[in-house]
Structure formats: C-alpha cells, structure tokens
2 protein chains.
Amino acid sequence: MSEITVHAPATVANLVCGFDVLGLCLSEPFDTMRVRLINEKKVVIAPGGSFGLPVDPALNTAGAPLIAMLEEIDDEIGFEVNIVKNIKPGSGIGSSAASAAGAVVAANKLLNNKFDRQDLVRFGMFGEKVASGVKHADNIAPCIYGGVTLIRSIFPLDIVSIPSPDLHVALVHPQIEVRTSDAREILRKEVLLKDAIRQWGNIAGLVAGFMKNDYALIGRSLEDFIIEPVRSMLIPGFDEVKRRCKEAGALGGGISGSGPSIFMLCSERKTANAVETEMRSIYDRMGLPYHTYVTAVNADGVRVLGS
Amino acid sequence: MSEITVHAPATVANLVCGFDVLGLCLSEPFDTMRVRLINEKKVVIAPGGSFGLPVDPALNTAGAPLIAMLEEIDDEIGFEVNIVKNIKPGSGIGSSAASAAGAVVAANKLLNNKFDRQDLVRFGMFGEKVASGVKHADNIAPCIYGGVTLIRSIFPLDIVSIPSPDLHVALVHPQIEVRTSDAREILRKEVLLKDAIRQWGNIAGLVAGFMKNDYALIGRSLEDFIIEPVRSMLIPGFDEVKRRCKEAGALGGGISGSGPSIFMLCSERKTANAVETEMRSIYDRMGLPYHTYVTAVNADGVRVLGS
C-alpha cells in the first residue's frame, strides 16, 4: 500500500467547563486527505486544496507533524499530502487539528501502524504549534481517538477516553474572525479560587454525566464562570444563542474552542434540528453571515477510507 | 420504633485534587449514636460522650441539624441524642460530619424516611456551620451517601455518587491541632489559571479513573498544585510521608480534609498495611504522637443497627 485516503473530522475543544483539557469529535464536517508514500525523506504538500494554506511543509499544519514523524523513522521515505479542506480555518472547530490528525493517521497506516495513538497526538501537536504558536491537544486527541477525550496532562502526555451516550450537536459558525492567540490573550492569568472550585465541580460533574449516561447532569455541568464570560464578548449574539438554544431543548453548550463557533449538545437529533433553527433565526435577524451544522459525536475519529 | 442506633463513619474530604467538591466514606473509625423520639419539640444532647463537646443543641454538630429538621416538621416531636464519639474532633476525617450525618439519618429513620438523602445533607450542613463557620458538604455527603461523592454545587445542592473500584485506605493522624478555619485562611484567594487547568485535568482524570476502575489513572490524578503546597506546611513530615507511602505501593494520597490527617489510597489491603508501617516509622522517629488506621472505602455510609 503506497497511498491512502482519510476523512479528518472537525472537533470541539474545551466543552465549556473543560478549558484546555476536554474535547469531542464530530461526524461532520470533515476534510478529505490523500497521503502517498514517496522514496525521498521529505514532506510535500500538494498545492490546491483551499483557503490558500501554506505549501511549505514546515509552515503547514499537516506538514509539520509529518516532519516530526519522519525524524523518528530511519528509512529513506517521505510523504506527499493532498488536502481537500472543508473545515474553514479560524472557525473554532479544529480545522488545523483535522489536517494534522488526518496526516499522521494516514501516514501511520502506510507504515503499518508503527506508532501508537499517543505518539500520533504527540506528532499532531506540531501542527497546532504552527497554527497558533502553542502545543495543545484538545482538538488533536479527540480527532485521533474519537468520542470525548480528556487530556489530563500535556507534559507528559496523558490522554483518557471518556465513554459517553449518544450526543447530537448543533453548531453555528458566525462568519467573524477570532484569532486563537487573541482569544487567549484576553484571558486573565489569575482566577478566583472560588470560581476555580465551581469549575472543577462542573468538570467532575460533566465527566460523571458522560460516563453515567445522565443527560440532565451533563446539562447542569455545562457551566463556565471563568473563560466564557470573557471570550463570549467577542462573539455577537452569544448570550441570546445560548438562552434560546436551551429553551429549544439543548442540554447546554457554549463556545467551541476559542470561537467564534458556538456548539450545543442535544440528546436527540430532532432537538438538534430545532436548535439549529434558533441559531439561523438569530443570525438571519442580525444580518451576519453564518454557517450551521447538525451532526453527532463521532466515536471513531479519523476514518480511513482505504488505498 | 422510638429509638435507633447508628454507626456514623469518618470521611475524607477533598481527595487531593477535588478541593471542596469530592469526598469519600471510610469503614472505620465510626461514632456510635443513639437517637430517641420524644414528645416535645426540642433537641436534647445527652451529656457524656467524650471530648467535652457542647450539650447546647444549637452549638452541637448533631444538635443543629436536628433543629433544622424539626423546623420542617409540623408534629409535636423532638429528639434525644446520645453520642459515643470515637472520631476525634480536629483530626481532619470528618468528626463533625459524622455527628451531623448520624443524627439526621437516625432521626429520619424514626420518621419513616420522611426526607430524602439530599434533604439530609442540607440539614447536616448546619452541623458544619456550627463546627467551622462554613456550610460545606464534602464530608456530610459521603457520610450519608457512602462511597465517593461529588458535590457539584452547594447552592443549589447537587450531589453525584461516583462509582469506584475497591479501595483500601491507610490513614495517619499526627496529634497536632490544625483548625479548619486557619487552614482555610492561609489559602490565596486567587490562583494561576495554568494551575487551575492542571487541577481540573486531574479531577476529571480522578473521576474517570474511579468510574473505569483504572487504579493507575487514579494514582496519576492524585496531584494538587494549589492547596497542598500551602496547607502541607502545617503538617510535620508531610512530604516524607507522601513520598515513602508511594514508594511502598500507595496509588497516591494527601491531606485529609484540612488536615492534619494524611490518607493514602491503595488497591490492596496488604499494600495499605505496608503503607501504615511507613507512616508509623516516620512519626516514631520524629517522636510525634499519632494514630493510624487501615480501613477501606465504605459504600454504604451511615449504618443503621436497628432499634
């Protein structure tokens, strides 16, 4: 096998109360990536794709992880990568992570699974470093592992899969730009202990809710008194979206990653459809361009289509 | 039935990374309490017991919860309480909570379970207010629910039982006084966001570890970069106890409640015995009086012995 195609899905990082440590994998949207084994120790990013992403592999979110992977391989091999990108960069649903995760999963398959999933996350984080200047795994890990994923620690890397019940997701991407680095800079470096205590009560409740299939507990735990009050100011209509989506039956939700997308978790597909209708009506009224998705939590992560 | 006897067990609050939100119930030590129904609307605390605790019911940790309970009962009834106290006040293993929880569980049994467990926790917290000036539930809730308990929120009260594998516990109580109020005052009101993130990664890992029966994950998650570095300074020998107990096979552990007791979780009884030996040798060498226990997590909470 010398060539392989994968679907690399979008992901939601943070999950409201799990800033920097929780993420989940979506069924849609996804990028389609083709990776081909070549006989020279280098990474080639095929021009094309979309969104004018850099083709210098060291500056490309799919290229940098593959360069890191090649450094741990003795053989004289390399990879050529072809990306058809559907996940818009800057949308807050793990566009850079999808490229990184898709590339390393496909390459590893071509290498007969030489590396384990934790290695792949380690390589993938080089893509996040290229994209935002910081190595983080809360999109990469769920994209590779599937489902809901806890990154208990980055150094050393400690990834824990969190079983969850069926979850449907409504997502809206208001077409404004929020740079991850800006979204990070506006956060205070210190937080009140009493707020931190509420936050760790909520993340413990969220993990327990997922593992007990307790939708009501999941909903009650989707609270954030630290990050959301600051970051949501960058997203027009945020408070109204959240309120009306919950009135329409969403369990809860909030900012996806560093935004501007907003996600809402639902126990049923039809609720997610109703929630999407609310999202559309709010941004239609505001006259702000947007894109919505109704999808589900994807238990499998990057999907290998075959050679 | 007009009289009932219960065993009200010790508890460990905080569980290292779960400050103010997690607790677990122990099999031993426990207080023995007898509660009798009387025909007058009042609470009587029988003198005796031990440790010279106040007999004014409004100032007694068993009395105050019963007064709160009586306020929600129309009938002309009251309770007489007899306490044989084995859990030393100020030891950091939920002495006040045991009295409060034992009293309300016994009284509720005499009332044919008029109240649910969450009501009982709500009443019990009046005992904590008497003891430390603050209503908290991280000892009361595990004492009433048994096992490992998450208090996701106090206002409104939201208690979640966390399933866990068999856990054995070694405990040492160095005989020094640490007042809960003092232990709280030395904490900083603000914490670094990056430390808070590590803490919520750990509590999420701990909850997942309990629910997945993953002892190694439980051990890795028993880290605290916020409270322990400050409070442990009040406990002579803390760092050495922790290090040597882990070398002896403990999964991990730390300060029980606000101290001075130190607890260590172990996957097997024989490890807990070895850990106790380490604890004894350290305090023997230091010449500091202490008491140790080797016990287990108690899934049932307050035990009703019958009338």
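Residues numbered from 1 in each chain as written. Chains lettered and ligands numbered in written order. Predicted model: local features only at pLDDT ≥ 70, side-chain atom pairs only at ≥ 80, totals over all residues.

Caption draft 1: Representation of the overall build of chain A within the structure. Of regular secondary structure, chain A possesses 10 helices and 12 strands. Taken against the 2.2 N^0.38 rule, which gives 19 Å for 307 residues, the C-alpha radius of gyration of chain A at 19 Å falls within 12% of a compact globule. By its C-alpha atoms, chain A is 55 × 40 × 35 Å across when sized along the principal axes. Evaluated residue by residue, chain A yields a buried proportion of 57% over its 307 residues. (Helix = DSSP H or I, 4+ residues; strand = E, 2+ residues; numbered from the N terminus. Rg over C-alpha atoms; globule rule 2.2 N^0.38 Å. Buried ≥ 20, exposed ≤ 12 C-beta atoms within 10 Å, placed from the backbone.)

Caption draft 2: Layout of the domain arrangement of chain A. Residues and elements named next belong to chain A. By the assigned domains, chain A splits into domain 1 (3–163) and domain 2 (168–296). Centre-to-centre separation of domain 1 and domain 2, based on C-alpha positions: 24 Å. Taken together, the contact between domain 1 and domain 2 spans 23 residues of the former and 34 residues of the latter. Those elements that provide at least two residues to the side of domain 1 that touches domain 2 are β1 (3–13) and β2 (22–38). In terms of residues, the side of domain 1 that touches domain 2 owes the most to one element, β2, which gives 4 residues. Taken together, the residues that form the side of domain 1 that touches domain 2 break down as 12 nonpolar, 10 polar and 1 charged. (Domains from an automatic or database assignment. Contact = placed C-beta atoms within 7 Å. Nonpolar A, V, L, I, M, F, W, Y, C, P; charged D, E, K, R; others polar.)

Caption draft 3: Main features of the pairing of β2(A). All names here are of chain A. Inspection of the sheet shows β1 paired to β2 by 10 bridges, in the antiparallel sense. Bridging across to β2, valine 6 finds its partner in methionine 33. Relative to strand β5 (residues 148–153), β2 runs antiparallel, the two sharing 3 bridges. The residue bridging leucine 22 from the neighbouring strand is leucine 150, located in β5. (Pairing = 2+ DSSP bridges.)

Caption draft 4: Geometry of the sheet that holds strand β11 (residues 290–296) of chain B. All names here are of chain B. The strand order across the open sheet formed by 4 strands is β9-β10-β7-β11, and the pairing between neighbours is antiparallel. This sheet does not close on itself; its edge strands, each paired only once, are β9 (252–255) and β11. Pairs of neighbouring strands in the sheet enclose a mean axial angle of 15 degrees, with direction left out of account. Relative to strand β10 (residues 262–266), β9 is paired through 4 bridges, and the arrangement is antiparallel. By the bridge assignment, glycine 252 is partnered in β10 with leucine 265. Against the sheet, helix α10 (residues 269–286) contacts β7 (168–174), β10 and β11, and its axis sits at roughly 15 degrees relative to β7. (Axes fitted to C-alpha atoms, helices over the stretch in contact; angles between N-to-C directions.)

Caption draft 5: The sheet that holds strand β10 (residues 262–266) of chain A, seen in detail. Residues and elements named next belong to chain A. With antiparallel pairing, 4 strands are arranged side by side in an open sheet as β9-β10-β7-β11. Two strands lie at the open edges of the sheet, namely β9 (252–255) and β11 (290–296), each paired on one side alone. Averaged over neighbouring strand pairs, the angle between their axes works out to 15 degrees when direction is ignored. Relative to β10, strand β7 (residues 168–174) runs antiparallel, the two being bridged by 5 bridges. Within β10, the residue paired with alanine 170 across the bridge is methionine 264. The sheet contacts of helix α10 (residues 269–286) involve β7, β10 and β11, and relative to β7 the element is tilted by about 15 degrees.

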